[in-house]
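Summary of the model geometry
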Amino acid sequence: MTPPRRGRSLSALLLPATLALVAGCAPEGGATATAPPPSASLAAMKPPPIGDVPRLARADDRALPIEAYLLSGEQFRQYDEAQGVLVTRCVRGFGLDYSAPAPVAPAETQTTHRYDPVDVSDVSVNGYHSPDTDRGKKPAAAPSLSPDVTTVLGAGLGADGRPASGTAVEYRGRRLPAGGCIADAQRELTAHGGTGRDADVAVGVNYEGFERSREDPRVKAVFQDWSRCMAERGYSYATPGDALKDPRWAATDRPTTQEITTATADVECKERVNVVGVWFTVEAAYEQELIRLRQSELTAAKAANDAMLQTAKSVVAEGP
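Report on the accompanying structure. In this text, all values refer to a predicted model and were calculated from it rather than measured experimentally.

Our next topic: the overall build of the chain. From N to C terminus, the chain includes 12 helices and 2 strands. Seen in sequence order, the chain has helices and strands lined up from the N terminus as α-α-α-α-β-β-α-α-α-α-α-α-α-α. Expressed as a percentage of its 320 residues, the buried residues of the chain come to 46%. On the chain, roughly 15,900 Å² of surface is accessible, and the fraction owed to carbon and sulfur atoms is 53%.

So, on to the nonpolar core. One broad trend across soluble globular proteins is that nonpolar side chains are buried collectively. Within the largest apolar cluster, 43 residues are counted, with the highest numbers of intra-cluster contacts made by Ile66, Tyr115, Trp226 and Leu298. Looking at this core element by element, the count peaks at 10 residues for helix 11 (residues 275-293). Leaving out residues up to four positions away in the same chain, Trp226 has contacts with Tyr237, Ala238, Thr239, Pro240, Ala243, Asp266, Cys269, Lys270, Val273 and Val275. Leu86, Tyr171, Ile182 and Met308 belong to the second-largest nonpolar core, a separate cluster that totals 26 residues.

Take the packing of aromatic side chains next. For any pair of aromatic rings, geometry is given as the distance between the ring centres together with the angle between the planes. Summed over all chains, the structure comprises 5 aromatic pairs. Measuring from ring centre to ring centre gives 6.3 Å for Phe94 and Tyr171, while their planes differ by 80 degrees; the resulting arrangement is edge-to-face. Separated by 77 residues along the polypeptide, Phe94 in the loop between helix 2 (73-92) and helix 3 (120-126) and Tyr171 in strand 1 (residues 170-171) bring together distant segments of the chain. Where Tyr128 meets Trp249, the ring centres are 5.8 Å apart and the plane angle is 20 degrees; that geometry is what we call stacked. Here Tyr128, found in the loop between helix 3 and helix 4 (147-153), pairs with Trp249, found in helix 9 (residues 247-250); they are 121 residues apart in sequence, far enough to count as distant. Among the aromatic residues, ring-to-ring pairing joins Tyr115, Phe210, Phe223 and Trp279 into one connected group. Its guanidinium or amino end placed over the ring of Phe94, Arg174 lies 4.3 Å from that ring's centre, counting from NZ or CZ.

Note that Lys270 resides in helix 10 (residues 257-273). A polar side-chain atom of Lys270 sits 3.0 Å from the main-chain carbonyl oxygen of Pro117.

Attention now moves to the state of the cysteines. Inspection of the entire model under this criterion finds 2 disulfides. Across the disulfide, Cys90 is cross-linked to Cys181 (sulfur-sulfur distance 2.0 Å). The sign of the S-S torsion, about -70 degrees, decides the handedness of the disulfide formed by Cys90 and Cys181: left-handed. Taken together, the positions of Cys90 in helix 2 and Cys181 in helix 5 (residues 180-189) put the pair 91 residues apart, joining distant regions of the chain. Take Cys90 and Cys181: they sit in the same class, and that class is buried. A sulfur-sulfur distance of 2.1 Å marks the disulfide that ties Cys229 to Cys269. Sign of the S-S torsion, about -80 degrees for the bond between Cys229 and Cys269, identifies this disulfide as left-handed. Separated by 40 residues along the polypeptide, Cys229 in helix 7 (residues 217-232) and Cys269 in helix 10 bring together distant segments of the chain. The same class applies to Cys229 as to Cys269, namely buried. The connectivity of the disulfide-linked cysteines in the chain, indexed sequentially, is 1-2, 3-4.

Looking at where Ala238 falls in the secondary structure, it is placed in the loop between helix 7 and helix 8 (240-244). In this structure the C-alpha to C-alpha distance between Ala238 and Gln224, which are 14 residues apart in sequence, comes to 6.8 Å. Among all residues touching Ala238, those that are not within four sequence positions of it are Phe223, Trp226 and Ser227.

Let us now look at the environment of Ala285. Mapped onto the fold, Ala285 is located in helix 11. Accessibility expressed as a relative area gives 12% for Ala285, which makes it buried. In sequence terms Ala285 and Pro49 are 236 residues apart; their C-alpha atoms lie 7.1 Å from each other.

Taking 1.5 Å as the rise per residue, helix 7 with 16 residues should run 22 Å; its terminal C-alpha atoms sit 23 Å apart, in good agreement. What helix 7 keeps buried is the set Val219, Val222, Phe223, Trp226, Ser227, Cys229 and Met230. Down the axis of helix 7, the buried side of the element spans an arc of 160 degrees, and every buried residue falls inside it. Set apart from the buried face of helix 7 by more than 90 degrees, the exposed residues are Pro217 and Glu232.

This part covers unusual backbone geometry. Going from Asp116 to Pro117, the amide bond is cis rather than trans, its omega being -10 degrees. Tracing the chain through its elements places Pro117 in the loop between helix 2 and helix 3. Although it is not a glycine, Asn274 adopts a positive phi angle of roughly 70 degrees. Assessed through its relative accessible area of 5%, Asn274 is described here as buried.

Definitions and cut-offs
- Residues numbered from 1 in each chain as written.
- Predicted model: local features only at pLDDT ≥ 70, side-chain atom pairs only at ≥ 80, totals over all residues.
- Heavy atoms only, no water.
- Helix = DSSP H or I, 4+ residues; strand = E, 2+ residues; numbered from the N terminus.
- Buried < 20%, exposed > 50% of the residue type's maximum accessible area, 1.4 Å probe, protein only.
- Areas by Shrake-Rupley, 256 points an atom, 1.4 Å probe, with all protein chains shown as cover.
- Core = buried A, V, L, I, M, F, W, Y, C linked by side-chain atoms within 4.5 Å.
- Contact = heavy atoms within 4.5 Å.
- Phe/Tyr/Trp six-rings, centres within 6.5 Å; stacked < 30°, edge-to-face > 60°.
- Lys NZ or Arg CZ within 6 Å of the ring centre and 35° of its normal.
- Polar contact = N/O pair within 3.5 Å; in protein donor to acceptor, adjacent residues only side chain to side chain.
- Disulfide = S-S within 2.5 Å.
- Expected span 1.5 Å × (residues − 1).
- Arc of directions from axis to C-beta.

Given below as structure tokens:
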């Protein structure tokens, strides 16, 4: 029950065999990012007013205000597609046979799992465990790359914008781009703005709005309503987060009957007292205020990402 953490591009999906080499990589359900601390002026923010609260069983069909300044899954895919074109072009320029895999846009949005669990059909099978349709199967092996291709690909750029240390500087007597072909592609795509990942200011608002909403008196009140509903069913949890993080669930690889019945009660009580409707509305209100206070930074970040995506569009149009 945390906001999705898209702090970088999904470029690692493009080059699975070089995942361990790419500097700064971390799994969104994968990408992690550190939110900047709130400024002194923001620390004193009062609970913002809210209008009518809709009844919501889930929020995955709704967008939070900050999403206008975060890269969408499709925009990450566009960036990664362009990076694949440039990397392919670069590697082939060294006389090697290589084609970057086509990236796929992630289906999840910022709100898909923000207030989980919310789906009775899911928890009735998986409890608090993540769905695992491939449980028991051996993971598919990553495509193997030749040592020559790996050398030319390089390790890309680190979070500081510099090539990772230890990256090869030449291949068979020919000078490699600093950081290899991956780094060269990243530099070209971000030459007019953007970084290939979400701007820190947008990530900060994404985190801060969520954290502030959890401490808001209106959200705490609906948590109390949820807690009373759970108590009627024999459960003793103060908040939905306490139920989600019950250590018993992590003790097994598969959901137990007890876990499934608890998660089912959790979802049913959320719907009964409108936890998602209240929480989403309050969080959106915090985000609107945070955006207002950081508007100039966010506007600049969006303009930079727009420039980056325009460059990506041009690259894809040219092809490898």
